[in-house]
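One-letter residues, chain by chain:
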Amino acid sequence: MKAKKWLSSVLVCGLLSMSMTPVYAKSTAKSTTDNAKYSIKFDTSDYTEKTATVDGKTIKYRAYEKLVYVKNPVDTKYEIMNVYIPEQYYEGKSIGDYNAKTAPIFMPNAVGGYMPAEPGSPGEDQNGDPNAALVALSKGYVVAEPGARGRTTQNDDGEYTGKAPAAIVDLKAAVRYLRYNDKTMPGDAEKIISNGTSAGGGLSALLGATGNNKEYEPYLKAIGAANERDDIYAVSAYAAITNLDHADMAYEWLYNGINTYKKLQFSDDTDYHNERTFVEGTLTDDQIKISNQLKALFPDYVNSLGLKASNGTPLTLNADGDGTFKNYVKSYVIKSAQTALDNGKDLSSLTWITIKNGKVTDIDFDKYIEYVGRMKTPSAFDGLDLGNAENELFGTSSTNTQHFTQFGLDNDTAGGTLADPAIIKMMNPMYYIGANKTTNAKYWRIRQGSEDNDGSIAVPALLTAKLENQGYDVDFAMPWGQGHGGDFDLDELFDWMDQVVEKTSYK
Ligand code: DHB
């Protein structure tokens, strides 16, 4: 419908310019230099009116759906965005502290498993509660929900079109679209807050870390992204599957010695956020050997980062994997248990937690990990047989799967090749925090459940330390008893968002 509309307006323009000017080549010349297939101008008049009920209150909003956010998309099933705007903003009204000019833009992506994602929409979550987008609208946020290509996206010729870095390029293009249209669209494009869970959490963090970095520019140009900045204001990331080139060693640092597992069965239609089926097993001797080798690589990586705790203590690990960084991770687990205790949770059956006078004074870290249990087999992300979701992420237009670590390549069992190091880098936020000519988001909310074993808690801990060392404002916590998932604490999420929005005066 959008494409047809565009086509008819081009035809009308073409006819007009032909009738008004004798030199008809003028309009054709313009379209060959620009070569745009789609307009990226936001059309304020093209919407449907919707209503929804949140906490017994009816909210009215305008739905602008399936907006192609680049001029030359590769795939219009995914490179589209849904934008939702409270009706009050068209009536000159305010919602709480926000109005048409100042409302922050909440930008949740729906990516799971690094699969392609169509844009989401306000509605109910799987429990029948208002989802994050609907809560956002009720609180006066403008909501922009981008789709993005993913690891299985193919074109009509069977070429893969969504391999890394496609998904992050698409999300950046969506940010640029919002800036390009900032004057005509209600909401403040200088207050974009991204949100995502798991792979989507990884992409949310990557979006916040890589603002305006030139390495992405050729990819953005190729799809006709707006010539605008793509930095964002704040990041919310749940259960981020990120830092992929060090995720295997981080996982074995944590789970080495746990030799039974409950592994996620994945296929191309696995719903990463909801139905997840698991198969139980025991590691083979070879897998245990791989685990030992990966674990041994982690200290060098941690030590190479030169990170410090907030009191200035260097965060390091010795060859056995013990040290201040381990204590740093443990401190977040202790904090998590303390919060649970303060909220009335009975932890007395967990003998590995020491509680004295209502205070969690210690946790036996190894017992805690045993309690959580291992989900993935080594190597957890860069599968030696190229069999993991992440191997598919790093394929090329003609190769479905590749390795993305030297360890994966060196121990390969499937004749695999290594992805382009420049692309591996472009998927990892750690390389861009504090990097030259890069605008990092200033505000970060990072959540990883205390029982999430899809990834290692060392990963968000390193991300937090890196961000804090650069002076950014980071709220990292591990919600007690929470497994792999996101959007489970929307009241707290929006309280945090309102607070960080307040920290910068309106334009
Ligand atoms: C997701 C989960 C995983 O375990 C993984 O390896 C990649 C992505 C997800 O839920 O998005």
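Residues numbered from 1 in each chain as written. Predicted model: local features only at pLDDT ≥ 70, side-chain atom pairs only at ≥ 80, totals over all residues. Heavy atoms only, no water.

*Asks:* Account for the overall build of the chain, naming residues and giving values.
*Replies:* Each helix and strand in the chain was counted, giving 15 helices and 13 strands. Since a compact globule built from 507 residues should have a radius of gyration of about 23 Å, the 24 Å found for the chain is in line with a globular shape. In terms of principal-axis extent, the alpha carbons of the chain reach across some 80 × 55 × 40 Å. Sorting the 507 residues of the chain into buried and exposed places 55% on the buried side. (Helix = DSSP H or I, 4+ residues; strand = E, 2+ residues; numbered from the N terminus. Rg over C-alpha atoms; globule rule 2.2 N^0.38 Å. Buried < 20%, exposed > 50% of the residue type's maximum accessible area, 1.4 Å probe, protein only.)

*Asks:* Could you give an account of the site of the ligand, naming the residues involved and the relevant values?
*Replies:* Residues in close proximity to the ligand include G112, G113, S198, A199, I241, Y272, K376, F381, E390, D454 and H484, which together make up its full environment. A199 is positioned such that a nitrogen or oxygen atom in its backbone is 3.1 Å from an oxygen atom of the ligand. Burial of the ligand by the protein chains amounts to 98% of its free accessible area of 290 Å². Among the residues forming the shell around the ligand, the class breakdown is four nonpolar, four polar and three charged. (Near = heavy atom within 4 Å. Polar contact = N/O pair within 3.5 Å; in protein donor to acceptor, adjacent residues only side chain to side chain. Areas by Shrake-Rupley, 256 points an atom, 1.4 Å probe, with all protein chains shown as cover. Nonpolar A, V, L, I, M, F, W, Y, C, P; charged D, E, K, R; others polar.)

*Asks:* Lay out the side chain of Q448 in plain terms, naming residues and giving numbers.
*Replies:* Mapped onto the elements of the fold, Q448 is located in the loop between strand 12 (443-447) and helix 14 (458-469). Apart from the residues within four sequence positions on either side, Q448 is in contact with A239, A240, G455, S456, I457, P460, F476, A477, M478 and P479. (Contact = heavy atoms within 4.5 Å.)

*Asks:* Can you tell me about empty space enclosed by the protein, naming the residues and giving the values?
*Replies:* As enumerated under the stated definition, the model contains one cavity of 30 Å³ or more in all. Of the pockets and cavities examined, the largest cavity occupies roughly 60 Å³. Class assignment of the residues belonging to the lining of the largest cavity gives a composition of five nonpolar, four polar and no charged. (1 Å grid on protein atoms, 1.4 Å probe; cavity = no way out; pocket = protein on both sides within 12 Å on 5 of 7 lines; lining within 4 Å. Points joined across faces, edges and corners; volume = space filled by probe spheres on them.)

*Asks:* Outline helix 5 (residues 199-209), listing residues and values.
*Replies:* Taking burial as the measure, the eleven residues of helix 5 include eleven buried ones, the bulk of the element. Among the residues making up helix 5, those that are buried are A199, G200, G201, G202, L203, S204, A205, L206, L207, G208 and A209.

*Asks:* Now, about the sheet that holds strand 2 (residues 57-68): what can you tell me, with residues and values included?
*Replies:* Taken together, the nine strands give an open sheet; going across it, the order is 1-2-3-5-4-6-7-12-13, and neighbouring strands pair in mixed fashion. The outermost strands of the open sheet, each flanked by one partner alone, are strand 1 (48-54) and strand 13 (473-477). The sheet shows a mean angle of 20 degrees between the axes of neighbouring strands, taken without regard to direction. Bridge count between strand 2 and strand 3 (residues 80-86): six bridges; the pairing is antiparallel. Note that in strand 3 the partner of L67 across the bridge is M81. The strands touched by helix 14 are strand 12 and strand 13; relative to strand 13, the strand with the most contacts, the crossing angle is about 160 degrees. (Pairing = 2+ DSSP bridges. Axes fitted to C-alpha atoms, helices over the stretch in contact; angles between N-to-C directions.)

*Asks:* Quick one: what's the story with the confidence of the model for the chain, residue by residue and with numbers?
*Replies:* When pLDDT is averaged along the chain, the result is 93; 92% of the residues meet or exceed 70. Note that pLDDT drops below 50 for residues 1-33; the model gives that stretch 15 contacts with residues more than four away or on any other chain. (pLDDT = per-residue confidence, 0-100.)

*Asks:* Talk me through unusual backbone geometry; I want residue IDs and the actual numbers.
*Replies:* Residue P165 is reached from A164 by a cis peptide bond, and omega for that bond is 5 degrees. Among the structural elements, P165 can be located in the loop between strand 5 (142-146) and helix 4 (166-180). For the bond running from P378 to S379, omega is -5 degrees, close enough to zero to count as cis. Residue position: S379 is located in the loop between helix 10 (365-372) and helix 11 (389-393). In the Ramachandran plot, K66 falls in the positive-phi region, its phi being about 55 degrees despite a non-glycine side chain. For K66, a relative accessible area of 55% translates into the label exposed.

*Asks:* Describe the pairing of strand 2, with residues and values.
*Replies:* As defined by bridge partners, strand 1 adjoins strand 2 across seven bridges and the pair is classed as antiparallel. Following the sheet pairing, V54 is matched in strand 2 by K57. Where strand 1 folds back on strand 2, the antiparallel hairpin that results is connected by two residues, among which D55 adopts a positive phi of roughly 50 degrees.

*Asks:* Could you give an account of helix 15 (residues 490-502), with specific residues and numbers?
*Replies:* Here helix 15 contains 13 residues, and its C-alpha end-to-end distance of 18 Å stays within 8% of the 18 Å for a straight helix at 1.5 Å per residue. Where helix 15 is concerned, the buried positions are L490, L493, F494, W496, M497, V500 and V501. In an axial view of helix 15, the angular spread of the buried residues amounts to 155 degrees, which keeps them on one side of the axis. Residues of helix 15 that are exposed and angled more than 90 degrees away from the buried face: D491, Q499 and E502. In the core, the buried residues of helix 15 are packed alongside strand 4 (104-108), helix 3 (132-138), strand 6 (188-197), strand 7 (234-238), strand 12 and strand 13. (Expected span 1.5 Å × (residues − 1). Arc of directions from axis to C-beta.)

*Asks:* An account of the pattern of salt bridges is requested, with residue identities and associated values reported.
*Replies:* Within the structure shown, the criterion is met by 26 salt bridges. Where E190 meets R179, a salt bridge forms, and the shortest distance between an N and an O atom there is 2.9 Å. With E190 in strand 6 and R179 in helix 4, the pair connects residues that are eleven residues apart, well separated along the chain. A relative accessible area of 32% places E190 in the partly exposed class. Salt bridges sharing common partners tie together R445, R447, D475, D489 and E492. (Salt bridge = Lys/Arg side-chain N within 4 Å of Asp/Glu carboxyl O.)

*Asks:* Outline the packing of aromatic side chains, listing residues and values.
*Replies:* The way to describe two aromatic rings as a pair is by their centre distance and the angle between their planes. A full pass over the atoms with the stated rule returns 24 aromatic pairs. Taking 5.6 Å as the distance between ring centres and 50 degrees as the angle between the ring planes, the aromatic pair formed by Y47 and Y64 counts as tilted. With a gap of 17 residues between them, Y47 in the loop between helix 2 (25-34) and strand 1 and Y64 in strand 2 connect regions that are remote in the sequence. For Y47, a relative accessible area of 29% puts it in the partly exposed group. One aromatic cluster is present, formed by W253, F298, Y301, F325, Y328, Y332, W352, F365, Y368, Y371, F476 and W480 through successive ring pairs. A cation over an aromatic ring shows up here: K163 above the ring of Y160, its NZ or CZ 4.3 Å from the ring centre. (Phe/Tyr/Trp six-rings, centres within 6.5 Å; stacked < 30°, edge-to-face > 60°. Lys NZ or Arg CZ within 6 Å of the ring centre and 35° of its normal.)

*Asks:* I'd like a rundown of the pairing of strand 11 (residues 359-363), residues and numbers included.
*Replies:* Of the strand pairs in this sheet, strand 10 (residues 353-356) and strand 11 are connected by four bridges, and their pairing is antiparallel. Looking at the pairing, T354 lines up with D362 of strand 11. Between the antiparallel neighbours strand 10 and strand 11 lie two residues, among them N357 with a positive phi of about 50 degrees.

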